[in-house]
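Each chain, written out:
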Amino acid sequence: MKDTKITDTIKYIGVDDKTLDLFESQYLIPNGISYNSYVIHDNRIVVMDTVDKRKTEEWIENLTKEIGNKTVDYLLISHLEPDHSANIKLLVEKFPNMKLVGNKRTFDMLPRFFDIDLSDRQVIVNEGDTLDIGKHKLQFFMAPMVHWPEVMVTYEKTEKVLFSADGFGKFGALDTKEDWDCEARRYYFNIVGKYGDQVQQLLKKAMNLDIKIICPLHGPILKEKLEYYINKYDIWSSYKPENKGIFIAYASIHGNTKNAIEKFVDILKNNGEEKIIVTDLARCDMAEAVEDAFRYDRLIIASPTYDAGLFPCVEDFLRHLKHKNYQNRKVGIIENGSWAPVASKCIKEILDEMKGITTYNTVVSIKTKLDSSSIEKMKELAKEVKE
Ligand code: FEO
């Protein structure tokens, strides 16, 4: 049986989903995802968020096992996205005396998701308010746009537990044995990455709290080395590179641009570069490419010219970066074009829409395949990248 104990009085009732094809209809989740939900036992029983409708039955079973014949007094709504809110109506009907705890925005938005009259069942909380349920005191902090406008986090003062909503979440079912960083980083940049400033504001609030446990809405409950995870969030949300390294994102129609990238990697290695990561944008997981662009301090983009523009997957990659607020990096450009190369111009135009992006002076322009002149340019670019 799964261990549901977080503390003696706080229990996990969430569920794993290992059969969903794409999370949010866009992200690959090879090891599934968890929809986390919690029960706090006290004079009043509180449920912290519901789960996705795909897992209603299992979640209700978990809840019933946890509370038996008792009734739920409060359902706390941290976030209205359907992977957490899908069962609000069901719970409202199951427990007629249960109150819903949310902020003004929660209740403004809730009727857009459910046709239920909640006028006499709302507990509207504001920044810093506390709900006393016995030994436990729940304090609320607004976290707008981490990742929706109504998001709030809850700090349980007695056991020092932060219920962090989507923050500190991770792809992967809870029984997945894998490194936290990799899938938490891919999750962060693709889901919350656009809202770095808002995450920074939330971190400032968290710094004033004595936190012993972090309970996110996805992924493992964090009980140790919390400063490690908080430090990662600080780096990611301030758009600073996490690691030194060159991330090369390329596409190649018939293999010539790929050959050029292989040559460029040799040149970089000869120049003493230790960390070079190469991805083929036509075949990779786009979310991972986005993650790596944020992770490393330098980015090289290589694209063939296609239909007098960019090769589509390269344009898609750049649009993803723009969406996610990619900023404060130095980017190198390699283009290919057999008769009228325009890829570098198109890449530059999209990069110019982003904040704090500069490009290296050297642009490598290949006319179908490498020749002595384009190899020389690559050496110049490699030199600039090193400086
Ligand atoms: Fe996991 Fe923004 O919902």
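Residues numbered from 1 in each chain as written. Predicted model: local features only at pLDDT ≥ 70, side-chain atom pairs only at ≥ 80, totals over all residues. Heavy atoms only, no water.

K.L.:
Explain the pattern of salt bridges to me, using residue names and the numbers behind them.
P.N.:
This model, assessed by the stated rule, comprises 26 salt bridges. What you see here is one network of salt bridges that share partners, running through Asp181, Arg185, Lys232, Glu242 and Glu291. (Salt bridge = Lys/Arg side-chain N within 4 Å of Asp/Glu carboxyl O.)

K.L.:
Go over the sheet that holds strand β11 (residues 130–132) with me, naming the residues and quoting the values.
P.N.:
The mixed open sheet is built from five strands, whose spatial order is β11-β12-β13-β14-β15. Edge positions in the open sheet fall to β11 and β15 (213–215), since each of these has one partner strand only. With direction set aside, neighbouring strand axes in the sheet form an average angle of 20 degrees. Summarising the sheet, strand β14 (residues 161–163) and β15 pair through three bridges and their orientation is parallel. What sits directly across from leucine 162, in β15, is isoleucine 214. (Pairing = 2+ DSSP bridges. Helix = DSSP H or I, 4+ residues; strand = E, 2+ residues; numbered from the N terminus. Axes fitted to C-alpha atoms, helices over the stretch in contact; angles between N-to-C directions.)

K.L.:
Go over the pairing of strand β13 (residues 152–156), please, and point to the residues and values.
P.N.:
In terms of burial, β13 is largely enclosed, as five of its five residues are buried. The side-chain alternation of β13 yields two buried faces, one formed by Met152, Thr154 and Glu156 and the other by Val153 and Tyr155. Note that strand β12 (residues 137–142) and β13 share five bridges and pair antiparallel. Paired with methionine 142 across the two strands is methionine 152, which belongs to β13. Pairing of β13 with β14 involves three bridges; the strand directions are antiparallel. Looking at the pairing, threonine 154 lines up with phenylalanine 163 of β14. (Buried < 20%, exposed > 50% of the residue type's maximum accessible area, 1.4 Å probe, protein only.)

K.L.:
Lay out the domain arrangement of the protein chain with the relevant residues and their values.
P.N.:
Segmentation of the protein chain into domains returns domain 1 (10–237) and domain 2 (243–386). Here domain 1 and domain 2 have C-alpha centroids that lie 38 Å from each other. If you look at the interface, domain 1 gives nine residues, while domain 2 gives 10 residues. Summed over both partners, the interface of domain 1 with domain 2 buries about 1000 Å², with 52% contributed by carbon and sulfur atoms. Our enumeration of links across domain 1 and domain 2 arrives at two salt bridges. The residue aspartate 285 makes a salt bridge to arginine 186 at a minimum N-O spacing of 3.1 Å. Taken together, domain 1 and domain 2 are joined by five residue pairs in polar contact (both at pLDDT 80 or more). Elements represented by at least two residues in the side of domain 1 that touches domain 2 include exactly β4 (27–28) and α5 (180–192). By residue number, the principal contributor to the side of domain 1 that touches domain 2 is α5, which donates five residues. Taken together, the residues that form the side of domain 1 that touches domain 2 break down as four nonpolar, two polar and three charged. (Domains from an automatic or database assignment. Contact = heavy atoms within 4.5 Å. Buried area = accessible area lost by both parts, 1.4 Å probe. Polar contact = N/O pair within 3.5 Å; in protein donor to acceptor, adjacent residues only side chain to side chain. Nonpolar A, V, L, I, M, F, W, Y, C, P; charged D, E, K, R; others polar.)

K.L.:
Quick one: what's the story with the packing of helix α8 (residues 256–270) against helix α12 (residues 372–386), residue by residue and with numbers?
P.N.:
For any two helices packed against each other, one specifies the crossing angle of their axes together with the interaxial distance. Direction vectors running N to C along α8 and α12 enclose 50 degrees, while the axes themselves pass 10 Å from each other. Relative to α12, the element α8 is oriented oblique. For the pair α8 and α12, the sense of crossing is right-handed. Listed contacts from α12 to Ala260, Lys263, Phe264, Ile267 and Leu268 of α8 are Ile375, Met378, Lys379, Leu381, Ala382 and Val385. (Parallel < 35°, antiparallel > 145°, perpendicular 65-115°, else oblique. Left-handed = near helix turned anticlockwise from the far one by under 90°.)

K.L.:
I'd like a description of the sheet that holds strand β7 (residues 46–48), backed by residues and values.
P.N.:
Backbone-to-backbone hydrogen bonds pair the strands of a sheet. The strands run either parallel or antiparallel. The strand order across the open sheet formed by six strands is β1-β6-β7-β8-β9-β10, and the pairing between neighbours is mixed. Of all strands in the sheet, those bounded by a partner on one side alone are β1 (10–12) and β10 (122–124). Averaged over all neighbouring strand pairs, the angle between strand axes comes to 25 degrees, with direction disregarded. As defined by bridge partners, β7 adjoins strand β8 (residues 74–76) across three bridges and the pair is classed as parallel.

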